[in-house]
Amino acid sequence: MQWKPMEINPSMLSKAIEELGVSGCCCEDILGLEEASLANVRGSPLSLILLFPLTSEHAAFRQQQVKELTEKQQSGSGIYFMKQTIGNSCGTICLLHSVANNQTKLKFKDGSPLKKFLSETANQSPEDRAKHLEKCEDIRQIHDAVADEGQCRVAEGKNFHAVAFVNVNGTLVEFDGLEPSPIYHGKTSDDHLLLDAAKICRQFTQRQPGEVHFSAVAICKSP
């Protein structure tokens, strides 16, 4: 199953969030992963979304990482995680992870499609949540409509993916729907979320020297 390719930028993500019925947050470009650039982000950060190319270097790292973490990691209580089984849905999956794990800090509009989805899948497994999304026409239509407004161009020979970093109960958690479980990166806080997430993002860039197709967006509480 494939959805339409959607641009991962503040404008497109903001449109998607609004149509999904979420209020109280905004999206901002992250122009650099160093502290000086991160200081320009306004508002209290809720998540950082990283867009990056899927390469053989990344695949090899993930394979080894999953092998090392399988015995160490256990899904923490209160964490909402779902698998990604729909092509081109990673941007929307990042929004779902970002909002689902910040529900106490956000508001939902009456009739919010995302609130309905989260309520219906609250007690499901990550795999069943993915199956539920496959049948969720409301969210698919919102994703595709937003994608139609953008100018997403698929780069020849390149596939891209996006992951979300969220502070969940004082732990920096990476949400990647292509992986079997959330990835835990140690302690963090709301004030240090961007700095701590940026450290992990820099590791992504360092694993792929010479690659320049990276971008990041912060989802923040509205000032």
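Just above, that's the structure.
What comes next concerns the included structure. (Residues numbered from 1 in each chain as written. Predicted model: local features only at pLDDT ≥ 70, side-chain atom pairs only at ≥ 80, totals over all residues. Heavy atoms only, no water.)

**A look at the packing of aromatic side chains**
Here is the rule we go by: Whether two aromatic rings pair depends on their centres lying within 6.5 Å, for rings of Phe, Tyr and Trp, where Trp uses its six-membered ring; planes under 30 degrees apart make the pair stacked, over 60 edge-to-face, and the rest tilted. Charges are assigned to positions over rings by a cutoff of 6 Å between ring centre and Lys NZ or Arg CZ, combined with an angular limit of 35 degrees from the ring normal.
Using the criterion set out here, one finds two aromatic pairs in the structure. We note Arg-129 situated over the ring of Tyr-80; from NZ or CZ to the ring centre the distance is 3.8 Å. Of note, Arg-207 hangs over the ring of Phe-204, and the distance from its end group to the ring centre comes to 4.8 Å.

**What about the packing of helix H5 (residues 113-121) against helix H6 (residues 126-134)?**
Here is the rule we go by: Axes here refer to lines fitted to C-alpha atoms; in helices the fit is confined to the stretch in contact. Angles between the N-to-C directions go from 0 to 180 degrees. The helix count covers DSSP runs of H or I at least four residues long, the strand count covers runs of E at least two residues long, and both are numbered beginning at the N terminus. When an angle is under 35 degrees it counts as roughly parallel; over 145 it counts as roughly antiparallel; between 65 and 115 it counts as roughly perpendicular; any other value is oblique. Left-handed describes a crossing whose near helix is turned anticlockwise from the far helix by less than a right angle; the clockwise case is right-handed. Only heavy atoms enter the contact rule, under which two residues are in contact if any of them lie within 4.5 Å. When residue character is reported, Ala, Val, Leu, Ile, Met, Phe, Trp, Tyr, Cys and Pro are called nonpolar, Asp, Glu, Lys and Arg charged, and the others, Gly included, polar.
At a closest axis distance of 10 Å, the pairing of H5 and H6 adopts a crossing angle of 140°. When the axis of H5 is compared with that of H6, the two are oblique. The handedness of the crossing between H5 and H6 is right-handed. Residue-level inspection shows Phe-117, Glu-120 and Thr-121 of H5 in contact with H6, the latter providing Arg-129, His-132 and Leu-133. Its residues assigned to classes, the contact of H5 with H6 comprises two nonpolar, two polar and two charged.

**Comments concerning the environment of His-132**
With respect to the secondary-structure elements, His-132 resides in helix H6. Sequence separation of His-132 and His-192 is 60 residues, and the distance between their C-alpha atoms is 34 Å.

**What about the side chain of Ser-89?**
By the element assignment, Ser-89 lies in the loop between helix H3 (56-69) and helix H4 (90-100). Not counting residues within four places of it along the chain, the set of residues in contact with Ser-89 comprises Trp-3, Gln-84 and His-143.

**Considerations on the state of the cysteines**
Condition: Any cysteine sulfur atom paired with another within 2.5 Å is treated as part of a disulfide. The rule is simple: take the accessible area with a 1.4 Å probe, protein chains only, and divide by the maximum for that residue type; under 20% is buried, over 50% is exposed, in between is partly exposed.
Summed over all chains, the structure comprises zero disulfides. Considering cysteine sulfurs only, Cys-27 is the nearest to Cys-25, which forms no disulfide, with 6.1 Å between them. Of the residues examined, Cys-25 reaches a relative accessible area of 15% and is grouped as buried. The thiol of Cys-26 is not disulfide-bonded; the next cysteine sulfur, from Cys-220, is found 5.3 Å away.

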